[in-house]
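The chain contents come next:
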Amino acid sequence: MNFGFNEEQKSLGETVAALLADFPALTTPDPAEARDPAVWRALADLGLFALLVPEAHGGVGLTLVDVALAIEALGAGLAPPIAASTLIATDIIVREGTAQQQASLLPRIATGDLRIALAVMENGQGYDPGAVQTVMGGNGITGSKILVPDADVADLLLVVARVDGRVGLVLVAHDARGVSIRHHADIDPSSGLCEVTLDGAALMDGAVIGHAGSGDAVTRLMDAGAIVYAGMAMGMAGRMLDTAVDYAKTRVQFGQPIGAFQSIKHRCADMAVAVEAGRSAAYYAFWTAAENVPDRSRAASMAKAYCGEVARDVCNETVQIHGGMGFTWELGLHRFLRRTKVLEHGFGNHVWHYERIMVETLAVQSAVEAARAA
Amino acid sequence: MDFSYSPQEERFRAELRAWLADALPRGWGETVFEPEDEDERAMFRLEWERKLHSGGWSGINWPVEYGGRGATLVERAIFAEEMARVGAPEGLNIIGHNLAGPTILLFGTEEQKKYFLPRILSSEDVWCQGFSEPNAGSDLASVRTRAERRGDKFIVNGQKIWTSFAQYSQWCFALVRTDPDAPKHKGLSFLLIDMKSPGISIRPLRQISGECEFNETFFDDVEVPVENIVGDINDGWRIAMTTLAYERGPEDALGRQIRFSQELEKLIGTTAATRRGDAMLIDDPIVRQKLARAVTEVEVMRLNAVRTFSKYLNGDDRGPDASIIKLYWSHAAQNMYEAAMDILGPTAPIAAPDPLSTGGGRFQLSYLQSKAFTIYSGSSEIQRNIIGERMLGLPR
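For clarity, every value in this text was computed on a predicted model and none was experimentally measured.

Colleague: Is there a simple way to think about the pattern of salt bridges in this case?
Modeller: Should the charged atoms of two oppositely charged side chains come close, the side chains can pair. Applying the stated criterion across every chain, the model contains 55 salt bridges over all chains. Here A:Glu195 makes a salt bridge to A:Arg182, at a shortest N to O gap of 2.9 Å. Pair noted here: A:Glu195 is in strand β7 (residues 194-201) and A:Arg182 is in strand β6 (residues 179-183), with a separation of 13 residues, a long-range link. A salt bridge links B:Glu299 to A:Arg298; the nearest nitrogen and oxygen atoms lie 3.5 Å apart. Here the residue B:Glu299 occupies a position in helix α8 (residues 285-313), and A:Arg298 occupies one in helix α8 (residues 296-321), the pair thus bridging two chains. The network of salt bridges with common partners includes A:Asp295, A:Arg298, B:Glu10, B:Arg13, B:Arg17, B:Glu81, B:Glu82, B:Arg85, B:Glu299 and B:Arg302.

Set out below in structure tokens:
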């Protein structure tokens, strides 16, 4: 047992962070100016999208644990959401795709030639993927998806839809007949959130992920999505903590740095505790997904619920510690506030995940009691 | 990163599991429980601790030469998990095991190690901690209890407070002032004091829970042989800080986490068995949200501890990270008991043995006890200063 990251894993996180720092547009105050298309190619050239692809398909064959710190860095650097979405989709295709899907998609993912957006939620359906109304039938796929990050720059859409009476995952090309994409007006224009309308959209060959009825794909998508979003949330929380601490060391009021006041110092300490606790939850969840252990869904929900709350609290506190400056457009802290709000509601918010934790916990507890009785 | 266990670690677990199946009283946790009476409970815990020792399960990660098992920190974590699984009793000599032992192991002379460590592991010697005083609480370095050197003895005079388990203890480790003229952090020494020495008297203090776990301890011309100093004279502050890092550290947190997870399991069981109107309590979505949050925080306590174990295993020093662990678990546990009282609803004030109490009326006492968590071993305010100044580098 070891809960530490090795040197390669740490260095990968540092490399991604350094790369993103070379694109100042990403953290510029105006979120409408923050979508730099060059970032994708830079990340692809770094090899980020090959990491999760098995060697047989031209990749490196790493696991979600190996890329956990790189994902944190994507969060901290406000990277384009399509990067995380593509990594999540890669995990699903590697775990759940047919041999044919893997052979046709994974090599192109590895080289950065396939960007995949995730179309999960629908208007009026809450967070539960089981409630989706989009349906795949003989005439293609029909329905409406909302809050799809970076749908407008994606090559493929991975769509949660009803397939033969069950909920499954369907791949749709962005330029297929019957697909229309509309930008939302939303709190974080840098996330490229779109509504995707599918009006009998044409299906590609082998559009349904895995075999019909082979179970885990949708749950795995929700878990992997929750975990990756939790990781990114912790990257943002860590960066905001550092920002708040730096400011508290240099901003002078009443003749001393404000960080010497306990009202500020103790807030920073509480944030540091929350960030460490959130990382414990997130890193464990990455491991459960990498090893696909039975605790995976519970761990994913704990990470998503808890880290979402931590990131929100830390962003709020950081704005407060910066005082009037924190509320200015120019300083740009609002970029993090905006992005955490998007992450918080993607793949289930804390309320949805706490309920899911309860279901999992009660199932485990009754299994233990049944075993004791037997 | 790897949370799975090696074959050797699994063997350790199997061996412990088999031993526990024999060692616990038949019907433990179902029909057989700890005694209600405080003193009887203390003796029950002492007996359990001695039983663990006779089975070779005491001080498992201490060196073999001092009576330990030489186990790894991972095995220490497995030990904690297995104790949790069976709901094993707590020990009585917690201060000996978690604080006195590690401090003597790090800073003691060879003679001190050979004499004290095996006696801690066997619980022949139960230990208490003489740090706080009426005027030295959060400002611990201002302790006034004096130790004057006379020949081959120190003569100790003063008063300690919040001395948990003093009434059951054979030994006390104490922070005392040996140089009243030096700056306050530089005139302190760390003494090991035999509680049978003439001149020591203790007076129980009643806590908000109604229990008398802690005491006032008075020292009136108490003679302590000079060889019972740990480290150098006037170097006691440094040693005490190490003791506190252990008190706040992952071993301690993991032991507590077990108890919290057991109580949480009982709380969930209670909500599943309690009717509220037409439905069961567990079906209330607000109750479920509160429970799930507690489940998450108690799990994070465990993960924090295991993650810190791994840092130590990978070569990191013990430092202010212990304050993070302590600040986290103390508040998370308080939140859990507060949630428990909320969840019980209208009958929350009714405690055992009232027949109308919910869930056996067990949560009221725990709720009251939990108020100490954010005060002892350094109040939350002190932990936040440590984290703010020593980890984050904020100015004093």
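Read on for the rest.
Colleague: How should helix α5 (residues 99-110) of chain A be read in this particular structure?
Modeller: Each turn of an α-helix holds 3.6 residues, which means side chains three or four residues apart point in the same direction. Residues and elements named next belong to chain A. A rise of 1.5 Å per residue sets the reference length of α5, with its 12 residues, at 16 Å; its end C-alpha atoms lie 16 Å apart and thus fit the reference within 8%. Along its buried surface, α5 packs onto α4 (81-96), β1 (116-119), β4 (156-163) and β5 (166-173). Phi turns positive, to about 85 degrees, at Gly-112, one or two residues after α5.

Colleague: Quick question: what am I supposed to make of the interface of chain B and chain A here?
Modeller: Note: interface size is frequently given as the accessible area lost on complex formation between the parts. Facing 45 residues of chain B, the contacting portion of chain A comprises 44 residues. For B:Glu389, the salt bridge identified is with A:Lys265, shortest N-O distance 2.6 Å. Taken together, chain B and chain A are joined by 20 residue pairs in polar contact (both at pLDDT 80 or more). Of all elements in the fold, only α3 (73-86), α7 (250-273), α8, α9 (321-344) and α11 (380-391) of chain B reach the threshold of two or more residues within the side of chain B that touches chain A. Take the side of chain B that touches chain A: its biggest share by element is 17 residues, from α8(B). Tallied by class, the residues present in the side of chain B that touches chain A amount to 19 nonpolar, 10 polar and 16 charged.

Colleague: Can you walk me through the domain arrangement of chain A in this structure?
Modeller: All names here are of chain A. Partitioning chain A into structural domains gives domain 1 (1-114), domain 2 (115-212) and domain 3 (217-369). Inter-centroid distance (C-alpha atoms) of domain 1 to domain 2 is 22 Å. With 22 residues of domain 1 at the interface, the matching set in domain 2 holds 26 residues. Buried area between domain 1 and domain 2, summed over both chains or domains, comes out near 1,800 Å², and the portion from carbon and sulfur atoms is 70%. Of all residues in domain 1, Arg-35, Ile-82 and Gln-101 give up the largest surface area on contact with domain 2, accounting jointly for 32% of the area buried on that side. At the boundary of domain 1 and domain 2, one finds nine residue pairs in polar contact (both at pLDDT 80 or more). When the residues that make up the side of domain 1 that touches domain 2 are grouped by side-chain class, the tally is 14 nonpolar, five polar and three charged.

Colleague: Can you walk me through the packing of α7(B) against α8(B) in this structure?
Modeller: Helix-helix packing is characterised by the crossing angle of the two axes and by the distance between the axes. Residue and element names in this part refer to chain B. As a packed pair, α7 and α8 sit with axes 10 Å apart at the nearest point and diverge in direction by 160 degrees. The angle between α7 and α8 places the two elements in the roughly antiparallel class. Note that α7 runs across α8; the crossing there is left-handed. In contact with Pro-250, Glu-251, Leu-254, Gln-257, Phe-260, Ser-261, Leu-264, Leu-267, Ile-268 and Thr-271 of α7, α8 contributes Val-287, Leu-291, Ala-294, Val-295, Val-298, Glu-299, Met-301, Arg-302, Ala-305, Thr-308, Phe-309 and Tyr-312. Its residues assigned to classes, the contact of α7 with α8 comprises 15 nonpolar, four polar and three charged.

Colleague: It is not clear to me how a negative patch on the surface should be interpreted in this structure. Could you clarify?
Modeller: Residues and elements named next belong to chain B. Taken together, the side chains of Glu-148, Asp-220, Asp-221 and Glu-223 define an acidic patch exposed on the protein surface. Top contributing element to the negative patch by residue count: strand β7 (residues 215-225), with three residues. Relative to the helices and strands, Asp-221 resides in strand β7. Among the residues examined, Asp-221 registers a relative accessible area of 46% and is labelled partly exposed.

Colleague: Looking at this structure, I do not really get the nonpolar core. What am I missing?
Modeller: Note on soluble globular proteins: their nonpolar side chains tend to be buried together. Residue and element names in this part refer to chain A. With 191 residues, the main nonpolar core has Leu-43, Leu-74, Val-172 and Leu-221 as its most contacted residues. Looking at this core element by element, the count peaks at 21 residues for helix α6 (residues 217-250). Leaving out residues up to four positions away in the same chain, Leu-74 has contacts with Val-16, Leu-20, Leu-43, Leu-48, Ala-79, Ala-83, Ala-84, Leu-87 and Met-232.

Colleague: Could you clarify how one ought to interpret helix α1 (residues 7-21) of chain A in this entry?
Modeller: Residues and elements named next belong to chain A. The end-to-end C-alpha separation of α1 is 21 Å, in line with the 21 Å expected for 15 residues at 1.5 Å each. Along α1, the residues that are buried comprise Gln-9, Leu-12, Gly-13, Val-16, Leu-19 and Leu-20. Along the axis of α1, the buried residues cluster in a sector spanning 130 degrees; they form a single face. α1 presents Glu-7, Glu-14 and Ala-21 as exposed residues on the side facing more than 90 degrees away from its buried surface.

Colleague: How should the pairing of strand β4 (residues 171-177) of chain B be read in this particular structure?
Modeller: Residues in a regular strand project their side chains so that they alternate between the two faces of the sheet. A large share of β4(B) lies buried, amounting to seven of its seven residues. Side chains B:Trp171, B:Phe173, B:Leu175 and B:Arg177 of β4(B) all project onto a buried face; the interleaved residues B:Cys172, B:Ala174 and B:Val176 project onto the opposite face, where all are buried too.

Colleague: Mind showing me how you'd approach the packing of aromatic side chains here?
Modeller: Within a pair of aromatic rings, the relevant descriptors are the distance that separates the centres and the angle that separates the planes. All names here are of chain B. Per the stated rule, a full pass over the model turns up 26 aromatic pairs over all chains. Geometrically, the ring pair formed by Phe-131 and Phe-190 is edge-to-face, given 6.1 Å between the ring centres and 80 degrees between the ring planes. Of this pair, Phe-131 sits in the loop between β1 (127-130) and β2 (146-150) while Phe-190 sits in strand β5 (residues 188-194), placing them 59 residues apart in sequence. Here Phe-131 matches Phe-190 in class, with each residue buried. Relative to Trp-329, the ring of Phe-260 lies with its centre 6.0 Å away and its plane at 35 degrees, an arrangement referred to as tilted. Pair noted here: Phe-260 is in helix α7 and Trp-329 is in helix α9, with a separation of 69 residues, a long-range link. Across the pair, Trp-329 and Phe-260 agree in class, each one buried. These aromatic residues form a ring-pair network of at least three members: Tyr-115, Phe-116, Trp-127, Phe-131, Trp-171, Phe-173 and Phe-190. Note that Arg-13 overlies the ring of Tyr-5, its terminal NZ or CZ placed 4.7 Å from the centroid.

What counts and what doesn't
Residues numbered from 1 in each chain as written. Chains lettered and ligands numbered in written order. Predicted model: local features only at pLDDT ≥ 70, side-chain atom pairs only at ≥ 80, totals over all residues. Heavy atoms only, no water. Salt bridge = Lys/Arg side-chain N within 4 Å of Asp/Glu carboxyl O. Helix = DSSP H or I, 4+ residues; strand = E, 2+ residues; numbered from the N terminus. Expected span 1.5 Å × (residues − 1). Contact = heavy atoms within 4.5 Å. Polar contact = N/O pair within 3.5 Å; in protein donor to acceptor, adjacent residues only side chain to side chain. Nonpolar A, V, L, I, M, F, W, Y, C, P; charged D, E, K, R; others polar. Domains from an automatic or database assignment. Buried area = accessible area lost by both parts, 1.4 Å probe. Axes fitted to C-alpha atoms, helices over the stretch in contact; angles between N-to-C directions. Parallel < 35°, antiparallel > 145°, perpendicular 65-115°, else oblique. Left-handed = near helix turned anticlockwise from the far one by under 90°. Patch = residues over 30% accessible without salt bridge, like charges linked within 9 Å, V, L, I, M, F, W, Y side chains within 5 Å. Areas by Shrake-Rupley, 256 points an atom, 1.4 Å probe, with all protein chains shown as cover. Lys, Arg positive; Asp, Glu negative; His and termini not counted. Charge placed at Lys NZ, Arg CZ, Asp CG, Glu CD. Buried < 20%, exposed > 50% of the residue type's maximum accessible area, 1.4 Å probe, protein only. Core = buried A, V, L, I, M, F, W, Y, C linked by side-chain atoms within 4.5 Å. Arc of directions from axis to C-beta. Phe/Tyr/Trp six-rings, centres within 6.5 Å; stacked < 30°, edge-to-face > 60°. Lys NZ or Arg CZ within 6 Å of the ring centre and 35° of its normal.

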